[in-house]
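Chain by chain, the residues run as shown.
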Amino acid sequence: MRKKIVAGNWKMNKTFEQADELMSDIMDQLEQTELNRDVQLIVCPPFPYLELCTDYANDSYFAVGAQNVSDQERGAYTGEVSAEMLKSFELVDYCIVGHSERRSYYGETDAIVAAKVNRLLAAEITPIVCCGEVLAEREAGKQFDVVRRQITDGLFHLDADLFKGIVIAYEPVWAIGTGKTATPDQAQEIHAFIRQLICEKYGNEIAQDTTILYGGSCKPSNAKELFANPDVDGGLIGGASLKADEFIAIAKAF
Ligand code: 13P
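Now for a quick tour of the structure. (Residues numbered from 1 in each chain as written. Predicted model: local features only at pLDDT ≥ 70, side-chain atom pairs only at ≥ 80, totals over all residues. Heavy atoms only, no water.)

Once that is clear, we can look at the overall build of the chain. The number of helices and strands found in the chain is twelve helices and eight strands. The C-alpha radius of gyration computed for the chain amounts to 17 Å, which stays within 12% of the reference 18 Å derived for 254 residues, consistent with globular compactness. Summarising its shape, the C-alpha atoms of the chain cover approximately 45 × 45 × 35 Å along the three principal directions. Here the chain, with 254 residues, has 52% of them falling under the buried criterion. Carbon and sulfur atoms make up 48% of the accessible area of the chain, which totals about 11500 Å². Taken together, the 24 basic and 39 acidic charged side chains of the chain have centroids lying 5 Å from each other. (Helix = DSSP H or I, 4+ residues; strand = E, 2+ residues; numbered from the N terminus. Rg over C-alpha atoms; globule rule 2.2 N^0.38 Å. Buried < 20%, exposed > 50% of the residue type's maximum accessible area, 1.4 Å probe, protein only. Areas by Shrake-Rupley, 256 points an atom, 1.4 Å probe, with all protein chains shown as cover. Lys, Arg positive; Asp, Glu negative; His and termini not counted. Charge placed at Lys NZ, Arg CZ, Asp CG, Glu CD.)

What follows is the structure, given as structure tokens:
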């Protein structure tokens, strides 16, 4: 059975003190709450707080992820962080790749996404690979073409064994931070489409085992109906992951 995941993408938010407070609030909430243990919780803080979060993760069952990684191995790449460095934290088990904000603000192409995925897999870190269309593409009915291209060019160079180590997040860009959520039907439609693409490339067993998350204004009030869809295996949460009670309430939607 594929893994259910609720991952918080903090993006570029919080000071160190605020990050510490959020983690401590999450720990309090976890103590008071009975969560479905089949759901993997992940927090993805900014790089400088990875160690803080892995310290908390040490005696808990949630995991820690980074928000980005370099496409290069090591060397003179000022400001970059390599997969090998992430690996040396030991408890950093996941990394977001190809988020739409990185694609649009930092020119991250499918080829760069593919290179980052390779670096992460070589370091035994699970890539959470984002895809999703912008509003104009959705309005032109191009969402399937866009997602097919992102998945094909970013991931389908992998052999089947490596592909098994991938988590996918479908994040319609028009729903990110806008308060506008994809309807459960819209989410299910694309998630089923992505699973079908995987099935055509790698076969049904791998397709059925691949976790596909939804992201885009997911919150406690809509998580349940989104996660109730057969092909939606959890969420990649932005704004609502910055408050412990909302983040845990979303995890409880399973
Ligand atoms: P919001 O939940 O703030 O819309 O962000 C979603 C997202 O981009 C997660 O990666």
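After that view, the rundown keeps rolling.
Here we take up the nonpolar core. Counting 72 residues, the largest nonpolar core has Leu-86, Leu-155, Phe-163, Ile-168, Ile-194 and Ile-198 as its most contacted members. With seven residues, the single largest contributor to this core is helix α9 (residues 184-202). Beyond its immediate stretch of four places on either side in the chain, Leu-155 contacts Val-117, Val-129, Gln-150, Phe-163, Ile-166, Ile-168 and Tyr-202. If you look at the next biggest cluster of nonpolar residues, it comprises 13 residues, including Ala-63, Tyr-94, Val-167 and Leu-236. (Core = buried A, V, L, I, M, F, W, Y, C linked by side-chain atoms within 4.5 Å. Contact = heavy atoms within 4.5 Å.)

Moving on, we come to the sheet that holds strand β7 (residues 212-215). Pairing in this closed barrel of eight strands is parallel, and the strands run β1-β2-β3-β4-β5-β6-β7-β8 around the ring. Strand-to-strand twist of the sheet, defined as the mean angle between neighbouring strand axes without regard to direction, takes the value 30°. Across three bridges, strand β6 (residues 167-170) lies against β7 in parallel orientation. Among the inter-strand pairings, Tyr-170 is bridged to a residue of β7, identified as Tyr-214. Running over the sheet, α9 touches β5 (126-131), β6 and β7 and is turned about 150° from β7. (Pairing = 2+ DSSP bridges. Axes fitted to C-alpha atoms, helices over the stretch in contact; angles between N-to-C directions.)

We now examine a negative patch on the surface. Judged by side-chain charge, Glu-21, Asp-25, Asp-28, Glu-31 and Asp-245 come together as a negatively charged surface patch. The element best represented in the negative patch is helix α1 (residues 16-32), accounting for four residues. Checked against the element boundaries, Asp-25 lands in helix α1. For Asp-25, a relative accessible area of 35% gives the class partly exposed. (Patch = residues over 30% accessible without salt bridge, like charges linked within 9 Å, V, L, I, M, F, W, Y side chains within 5 Å. Salt bridge = Lys/Arg side-chain N within 4 Å of Asp/Glu carboxyl O.)

Inspection of the secondary structure puts Gln-188 in helix α9. Ignoring sequence-local partners within four residues, the contact set of Gln-188 consists of Asn-229, Pro-230, Asp-231 and Val-232.

This part takes up the site of the ligand. Taken together, Asn-9, Lys-11, His-99, Glu-171, Ala-175, Ile-176, Gly-177, Gly-216, Ser-217, Leu-236, Gly-238 and Gly-239 form the complete shell of residues around the ligand. Taking Asn-9, its side chain carries an N or O atom lying 3.0 Å from an oxygen atom of the ligand. Between an oxygen atom of the ligand and a side-chain N or O atom of Lys-11, the distance comes to 2.8 Å. In isolation the ligand exposes 310 Å². Once the protein is present, 95% of that is buried. For the shell around the ligand, the per-class residue count stands at three nonpolar, seven polar and two charged. (Near = heavy atom within 4 Å. Polar contact = N/O pair within 3.5 Å; in protein donor to acceptor, adjacent residues only side chain to side chain. Nonpolar A, V, L, I, M, F, W, Y, C, P; charged D, E, K, R; others polar.)

Bringing the pattern of salt bridges into the picture now. Evaluation of the coordinates by the stated rule reveals 14 salt bridges. The residue Arg-74 makes a salt bridge to Glu-73 at a minimum N-O spacing of 3.9 Å. Residue Glu-73 is classed as partly exposed on the basis of its relative accessible area of 44%. Between Arg-195 and Asp-231 there is a salt bridge, with its nearest N and O atoms 2.5 Å apart. Separated by 36 residues along the polypeptide, Arg-195 in helix α9 and Asp-231 in the loop between α11 (220-227) and β8 (234-237) bring together distant segments of the chain. Pair check on accessibility: Arg-195 and Asp-231 agree, each one buried. When salt bridges that share partners are traced, they join Arg-2, Arg-195, Asp-231 and Asp-233 into one network.

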